[in-house]
Every structure is written in C-alpha cells, then in structure tokens.
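Given next are the chains, with one letter for each unit.
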Amino acid sequence: MTNKGKPNMGLDWLESFLGEIGGIIWGPYMLIPLLLGTGLILTVRLGGVQIFRLGAALRLGLLKRKDDDAEGDISQFQALTTALAATVGTGNIVGVATAIGVGGPGALFWMWVTAILGMASKYSEAFLAVRFRTTDEVGEKNGGPQYYLERAIPGTFGKFLALSFAIFAVCACFGIGNMTQGNSIASNLDNSFAIPHWITGAILAALTLVVLVGGIKSIGKVTAGLVPVMIVFYVLGALYILLVNITAVPAAFAEVFREAFTGTSAVGGFLGSTIMLAVRYGVARGIFSNESGMGSAAIAAASAQTTHPVRQGLVSMTQTFIDTIIVVSCTGLVIITTGVWKEIDPATGQQISASIMTGQAFSHGLPGQWGHWIVTVGLVMFAYSTILGWAYYGERNVERLFGHRAVMPFRVLFSLVVYFGCTVQLGVVWNFSDVMNGLMAIPNLIGLLILSGLIARETKHYLKHDPKLEANRAQIEAFMKGEPGWAEWQASERVR
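These remarks concern the structure in this document. (Residues numbered from 1 in each chain as written. Predicted model: local features only at pLDDT ≥ 70, side-chain atom pairs only at ≥ 80, totals over all residues. Heavy atoms only, no water.)

### Points about the layout of surface pockets
- Space inside the second largest pocket adds up to approximately 240 Å³.
- Lining the second largest pocket are 13 residues; nearest its centre among them are Leu-62, Pro-228, Ile-231, Val-232 and Ile-322.
- Those elements that place two or more of their residues in the lining of the second largest pocket are helix 4 (54–64), helix 5 (76–87), helix 11 (215–244) and helix 15 (309–337).
- Counted by class, the lining of the second largest pocket contains 12 nonpolar, one polar and no charged residues. (1 Å grid on protein atoms, 1.4 Å probe; cavity = no way out; pocket = protein on both sides within 12 Å on 5 of 7 lines; lining within 4 Å. Points joined across faces, edges and corners; volume = space filled by probe spheres on them. Helix = DSSP H or I, 4+ residues; strand = E, 2+ residues; numbered from the N terminus. Nonpolar A, V, L, I, M, F, W, Y, C, P; charged D, E, K, R; others polar.)

Laid out in structure tokens, this is it:
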C-alpha cells in the first residue's frame, strides 16, 4: 500500500463515520420526531397561526415590505429574501429528487406536512429572534438562537444551549453554506460550459467577498434583487411543463396522496418504497430544504425593521411556504408528471441518479436545451444565494463567540473557503454538514419547547388587537403598553 493511498483511506473512513452519525441524528428516533413534535405543539399552542394568518403575512412581507418608523438594519422584505437565499438552494432541486427517488411520490406529501408544521417553528424562532435581539457596538441588530436561548432561558442551561448553537452554526456555515454550494456551482458550470473549477472558484470567491464587506445591508440588497428573479425564473419553467402535461397533473396528485400511506411498488430497477421510507425521506429532505426549526433563518429575521416581533415572525414563516409549498412542489410534480423518477439508467440497470433526475425531467418537458439551461442556471443562482445567506449566519455567530473584531477576518476566510470548495471533492464535507445542521437544530428545538408558553401568550395578545397586521406604530404602542416584556423589548431596541 502506498503512502498516497493512506489519506484516501482515512477520508473514506471519516466519510463513512460521519454518515453513520448523520443517519442517527436525522433518523426516525431523534431529530425527525423532535422537529415534527415541536412543530405540532407550536401549531396547537398558536392556534394554527400559519394557516389563519398566512394571507396577512404574505401581504405584509411581499406587498408592503416594511414597517414605517421601525428599528432595524434592513426591511422585512430584505430579511425575508436573505433567509430565502440561504434556504432555496440545491435541496429544492437535488433534495426533492432524492426524496422521491428513494421514498417514491408519497415523499412529496410528507414534505408538505413538514412545511406546514415547520411554519409554526419558523414563526416562533423568528419571533424570539426579534423579541430578544440586541444592538451591538456599531449599532447593528444581533439576534437568533445564539442570543435568545441565553436571554430568555435563565441560568447555566440557557447559556449552554446558546453557546452550543453558535459553535455548531459556525461549523455548519463552512459546510452546507459554503463548500458544498461552491462545488455544485463549479461542477454544473464545468459540465455545461466547460469552465474550469479554479476559474469559477476565483470569480465566486471575489464576488462573495465584495458583497460580504458591505455587511447585512449589502447582502440584503443583493438578495432582494436576486432571490425573486431566480424563484420566478425556475417556477415559470416548471409551470410550463405542468401546463403542457396538464392531463397528468391530477393523476400525479392522486399518486402522491395514495403512496404517502401505501408506499411504492417496485418498478424495473426501482427497489420500491415502504411507507416508512416515504415518511423518513419526505421529512428529512423537507427540513433540509426549508430549515424550519434549525434556527438559522431567525438570524436574518433579527435584523429586520419591524414594529413588533409578531409581525416579523409572520413574515418569516412565509419563507417556508415559498420554499416548500411552491418551489419544492413545482420540482416534485415535474419529476412525477414526466415519469423520470421511474427511468432506468442503461449503463447500470438501476434508477437514474437523483443528481440528474430534475435536469432530466426539465429536459423532457421543455423544448430544445431550455430544460437543461433552466436547471443549470437555477442551481447556480440558488447555490450562490445560499452562500451569501449562510455567510451572514456565520458572521453573526462568530461575533457572538469572539466579538465584533472577528467579523472582518471571518468574511475574508469564508470567501477563501469558497474557492477551496469549488476545487476539491466533498463527500466527507456533505456528511459533516448533515451532522452540524442536525446538532445546531437540537438546542434550538429544545429552546422553542421551553419558550412555547411565552410565544403563545404574546402572540395571542398582539393578534387580538391587530389580526390583519395593519396597525401603525402609535396604535401598537397603545395596545401593548403595560404588557409583560414590551418595555424590555423597546429598551433593547434603543440601546446604542
């Protein structure tokens, strides 16, 4: 055995070990029931806020877009697009294909269930992020699980949860928010346009650094322009395919609902799916796609200009609706209606790989090379926006751990790692990312359960007086005066 082979054996062992750990964390006995259980409890305690207040939340976030005379660094719309930038990524293209490829069409149903329950979790963590946010030495808002777990849960336990989240979030940002995304961009550009990985890496690293130097305001402006364009671009392509195959759409929905509870029979090289596989992969990939309950999107929500935590919480929960109910559904239905999920690779005699399944579906459904271009450009835009969103998550947690002086060195390091991610093989990094994502979700979910009473009490009081989210600042201050926590929140808003 040569010395050259030893490092590869070590990496293979590490990749396998991390894969086993990730399988336990994301398995049916740990994180999946914790995520679904937390979402269900919050849904009940909040009275189904994600269903009954969705219309008002979409109107506030997408049409009005900001609260006048509110404290914060960026508008509510920019906070929403920053969070969407971090979540609408390769999971919406490759993750959906993986779920359907292994779990069958029924997995899409469980992705919808995860999203509906996850909206309550996303609301709650965004509410807490604004409710317990602080103002740093340069006047910027800081919030998220790394702050609210310590400020809202007294004693050593709250501090332990907050620090655990911060450490895991910093580790995760270099994996799923950086190297894996850069590698996806470089691989797609190489396959489509024969652009060398190192050129993509150099350009991507430079563009990332330019945006990051400007801080959250720069990130917010870029994502506010990029995210709506990339989502509309991708969704329109998917809707065209569904319209062309409109007669197959009712059957696709019937197949999704039927096989969510019966599993998929074996077809050709497809090994078949039990109901447990449909549930497991639907839930796991749904969470991977929209990140509800992980606590990451709350960091962006904390910077929003808002007159009350409830308002930003409701805006933030629309992120899960857009990510999963709209974008993921489009991908899943295209894969099912075109029948690509049952195609066999002639070279292997097995089901085609999930990495090319969505591209194949779009190529089947659109004329010429349009399907190929839409998926390629969509992947590049989705992945780059994810890099920007996770860069902000990482720097906020670095500041929590090491202070503001560490932010600029982090931005430079993060940009350099983008180049590294574009030029190396990343099997071990993918498994590392899964582990870190799971570990950062655990302290956040524990905190959401502990604080669910506070969230429900303050939410119900606000919505009793402003159910349509139309109150101005003066009206809000009038009906909130004397309420527990209101004076505390206002004081933290104005500290400089």
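### Notes on the state of the cysteines
- The full count for this structure, using the stated rule, is zero disulfides.
- Here Cys-171 is not disulfide-linked; the sulfur of Cys-173 is the nearest cysteine sulfur, at 8.2 Å.
- Among the residues examined, Cys-171 registers a relative accessible area of 29% and is labelled partly exposed. (Disulfide = S-S within 2.5 Å. Buried < 20%, exposed > 50% of the residue type's maximum accessible area, 1.4 Å probe, protein only.)

### Re the packing of helix 6 (residues 94–103) against helix 15
- Put simply, helix 6 and helix 15 touch, their axes get as near as 9 Å, and they point 45° apart. It follows that helix 6 is oblique to helix 15 by the angle criterion. Considering how the two elements wind past one another, helix 6 and helix 15 form a crossing that is right-handed. Of the residues in helix 15, those in contact with Val-96, Ala-97 and Ile-100 of helix 6 are Val-328, Thr-331, Gly-332, Ile-335 and Ile-336.
- Partitioning the contact of helix 6 with helix 15 into residue classes produces six nonpolar, two polar and no charged. (Axes fitted to C-alpha atoms, helices over the stretch in contact; angles between N-to-C directions. Parallel < 35°, antiparallel > 145°, perpendicular 65-115°, else oblique. Left-handed = near helix turned anticlockwise from the far one by under 90°. Contact = heavy atoms within 4.5 Å.)

### Observations concerning the nonpolar core
- By size, the foremost hydrophobic cluster in this structure holds 150 residues, and its most contacted members are Leu-128, Ile-231, Leu-314, Phe-362, Trp-390, Tyr-393 and Phe-414.
- Considering each element in turn, this core owes the most residues, 14 residues, to helix 17 (residues 370–402).
- Among residues more than four places away in sequence, those in contact with Phe-414 are Cys-173, Phe-174, Gly-177, Asn-178, Thr-208, Leu-212, Ile-387, Trp-390 and Ala-391. (Core = buried A, V, L, I, M, F, W, Y, C linked by side-chain atoms within 4.5 Å.)

### Overview of a nonpolar patch on the surface
- Together, Val-213, Met-408, Val-412 and Leu-416 make up an exposed nonpolar region whose accessible area comes to about 340 Å².
- Looking at the nonpolar patch, the element that brings in the most residues is helix 18 (residues 407–423), giving three residues.
- Mapped onto the secondary structure, Val-412 falls in helix 18. (Patch = residues over 30% accessible without salt bridge, like charges linked within 9 Å, V, L, I, M, F, W, Y side chains within 5 Å. Areas by Shrake-Rupley, 256 points an atom, 1.4 Å probe, with all protein chains shown as cover. Salt bridge = Lys/Arg side-chain N within 4 Å of Asp/Glu carboxyl O.)

### Things to note about helix 21 (residues 473–480)
- Among the residues making up helix 21, those that are buried are Ile-476, Phe-479 and Met-480. The arc enclosing the buried residues of helix 21, seen along the axis, measures out at 95°, which places them on a common side. For helix 21, the exposed residues lying more than 90 degrees away from the buried face are Ala-474 and Ala-478.
- Regarding helix 21, its N-cap is Asn-472, as a side-chain oxygen of that residue lies 3.2 Å from the backbone nitrogen of Ala-474 further along.
- Positioned one or two residues after helix 21, Gly-482 has a phi angle of 85°, which is positive. (Arc of directions from axis to C-beta. Polar contact = N/O pair within 3.5 Å; in protein donor to acceptor, adjacent residues only side chain to side chain.)

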